[in-house]
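Summary of structural features
Letter by letter, the chains look like this.
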Amino acid sequence: SQVSFEEESQKQPAVGHWEALMPSKGNKEEPEPGCQDAGGVDETQSTEQLNVSRLRSSSVEIREKGSEFLKDELHKAQKELKLKDKECERLSKVREQLEQELEELTASLFEEAHKMVREANTKQAAAEKQLREARGKIDMLQAEVTALKTLVITSTPSSPNRELHPQLQSPSKGGFRKGHGRNKSTSSAMVSVASQNVAAEPVSRECKEVDSVLFAEFQAWKESPTLDKSCSFLDRIYQEDIGPCLDFTKQELSELVRVAVEQNTLTIEPVASQTLPVVKVAAEECGGPKKCALSGLPRTCKHRIMLGDSGNYYYISPSCRARITAVCNFFTYIRYIQQGLVRQDVELMYWEVMRLRREMSLAKLGFYPSEM
């Protein structure tokens, strides 16, 4: 190499020359042409070799430093990735916990809602039952008040009502009274004006004999009282009394009246003390104070009826009112029997039913009290 060559040159200086073979750093003089030719080729080769070795060493060093840097970055990335994996796992657990809590909360809310609905349905059913019972009691009390008013009005000093004064009845007739008795403060009497007029007639003027077929049908019905008209007892009365009695000229309105009577939703009120309402249907269908809506004939109508809560009033003549009232009285009495409000012997109840059937027959034939 160049260094060993310089050392040998320094140890063995050339004779006749006092000049260094290699110029110093401070004095850069060109070598002599002779020397340059002798060692130029070797010096150039050694320089190139030195530069190549330096380049190789520097590239190796760069690769080593680059690999160390990349390893450090890889370690950092791996650490960050592990931290992110742990964070994702923690968030996944939190999400699963929240989903489970949400499902439990939803299930509890649905269960609570179903429970509230069941309780509300139970309370509604109980309230509807109480309402029906209250309406039945109101209807019964209204019938009692009407009956008592009728008894009081029809009793005068000159013509006392024997129902209010049982001491006026003869001993032979005292044990067989029309109507039905009272159970303490509960009264199941249903008395109309027509029935009072019939009751005022002496019993001795008529003779009665129980019809075995009718009595058997009534007894069978009395064992299990019902308002279903498919039973033989009510089927016969529907065909023989109720149907003909409610068979008016206006067939469509007659059917509505029959349904309202069966459902106990028909209202009868006097016209004189009421202001004329604005009706929703045609005037010819409702009639008027001078025209009956059921018969269609020109009659003086002192009363009008309303079917349910429709708000429409229909004017009726006294004869039509007597027919409707007779059927209503019959249904009221058999409802009392069905509810267990009548405390009488079966034969006495049978004769009361026969009396109500007679009232329907008379009303159908056109007989009605003058008070109507």
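Okay, so let's go over this structure. Being a predicted model, the structure only gives us computed values, none of them experimental.

So, on to the sheet that holds strand S2 (residues 303-307). Ordered by their spatial adjacency, three strands build an open sheet running S1-S2-S3, and the pairing between neighbours is antiparallel. Two strands in the sheet have a free side with no partner beyond their single neighbour: strand S1 (266-270) and strand S3 (313-316). With direction set aside, neighbouring strand axes in the sheet form an average angle of 30 degrees. With four bridges connecting them, S2 and S3 associate as antiparallel partners. Residue pairing across strands places Arg304 opposite Tyr315, the latter belonging to S3. Relative to S2, helix H7 (residues 251-262) is tilted by about 75 degrees, and along the sheet it contacts S1, S2 and S3.

Let us now look at a nonpolar patch on the surface. A contiguous nonpolar patch, built from Leu362, Leu365 and Phe367 and spanning about 320 Å² of accessible area, is present on the exposed surface. Position of Leu365 among the secondary structure elements: in the segment after helix H10 (346-364). For Leu365, a relative accessible area of 64% translates into the label exposed.

Below, the discussion takes up H7. In a regular helix each residue adds 1.5 Å, so twelve residues correspond to 16 Å; H7 covers 17 Å between its end C-alpha atoms and thus fits that length. All of the buried residues in H7 are Leu253, Ser254, Val257, Arg258, Ala260 and Val261. When H7 is viewed along its axis, its buried side chains cluster within an angular range of 165 degrees and face the same direction. Projecting away from the buried face of H7 at angles above 90 degrees are the exposed residues Gln251 and Glu252. Following H7 by one or two positions, Asn264 has its phi on the positive side, about 60 degrees.

What follows covers the pattern of salt bridges. One pass over the structure, following the stated rule, counts eleven salt bridges. The residue Glu89 makes a salt bridge to Lys93 at a minimum N-O spacing of 3.9 Å. Linking Glu89 with Lys93, this pair stays in helix H2 (residues 33-153), spanning four residues, or about one helical turn. Between Glu352 and Arg355 there is a salt bridge, with its nearest N and O atoms 2.6 Å apart. Placement of both Glu352 and Arg355 in helix H10 is noted, with a separation of three residues, approximately one turn of the helix. On the basis of relative accessibility, which here comes to 4%, the residue Glu352 falls in the buried class.

Here we come to unusual backbone geometry. Phi at Asn264 is positive, roughly 60 degrees, even though this residue is not glycine. The residue Asn264 is located in the loop between H7 and S1 in this model.

Taken as a whole and assessed by the stated rule, the structure comprises zero disulfides. As a non-bridged cysteine, Cys301 has Cys292 as the owner of its nearest cysteine sulfur, 5.1 Å distant.

Among the secondary structure elements, Lys291 is positioned in the loop between helix H8 (283-286) and S2. Using a relative accessible area of 35% as the deciding quantity, one classes Lys291 as partly exposed. A sequence separation of 24 residues divides Lys291 from Tyr315, and the C-alpha atoms of the two residues are 7.2 Å apart. Leaving out residues up to four positions away in the same chain, Lys291 has contacts with Gly296, Leu297, Pro298, Arg299, Cys301 and Tyr315.

This next bit is on the pairing of S3. Residue alternation in S3 divides its side chains into two sets, Tyr313 and Tyr315 and Tyr314 and Ile316, and both sets are buried. In textbook terms, the turn of a hairpin is the stretch between consecutive antiparallel strands, and for S2 and S3 this stretch comprises five residues, one of which, Gly308, has a positive phi near 65 degrees.

The rules we used
- Residues numbered from 1 in each chain as written.
- Predicted model: local features only at pLDDT ≥ 70, side-chain atom pairs only at ≥ 80, totals over all residues.
- Heavy atoms only, no water.
- Pairing = 2+ DSSP bridges.
- Helix = DSSP H or I, 4+ residues; strand = E, 2+ residues; numbered from the N terminus.
- Axes fitted to C-alpha atoms, helices over the stretch in contact; angles between N-to-C directions.
- Contact = heavy atoms within 4.5 Å.
- Patch = residues over 30% accessible without salt bridge, like charges linked within 9 Å, V, L, I, M, F, W, Y side chains within 5 Å.
- Areas by Shrake-Rupley, 256 points an atom, 1.4 Å probe, with all protein chains shown as cover.
- Salt bridge = Lys/Arg side-chain N within 4 Å of Asp/Glu carboxyl O.
- Buried < 20%, exposed > 50% of the residue type's maximum accessible area, 1.4 Å probe, protein only.
- Expected span 1.5 Å × (residues − 1).
- Arc of directions from axis to C-beta.
- Disulfide = S-S within 2.5 Å.

Don't take any of this as a statement about function, it's just geometry.
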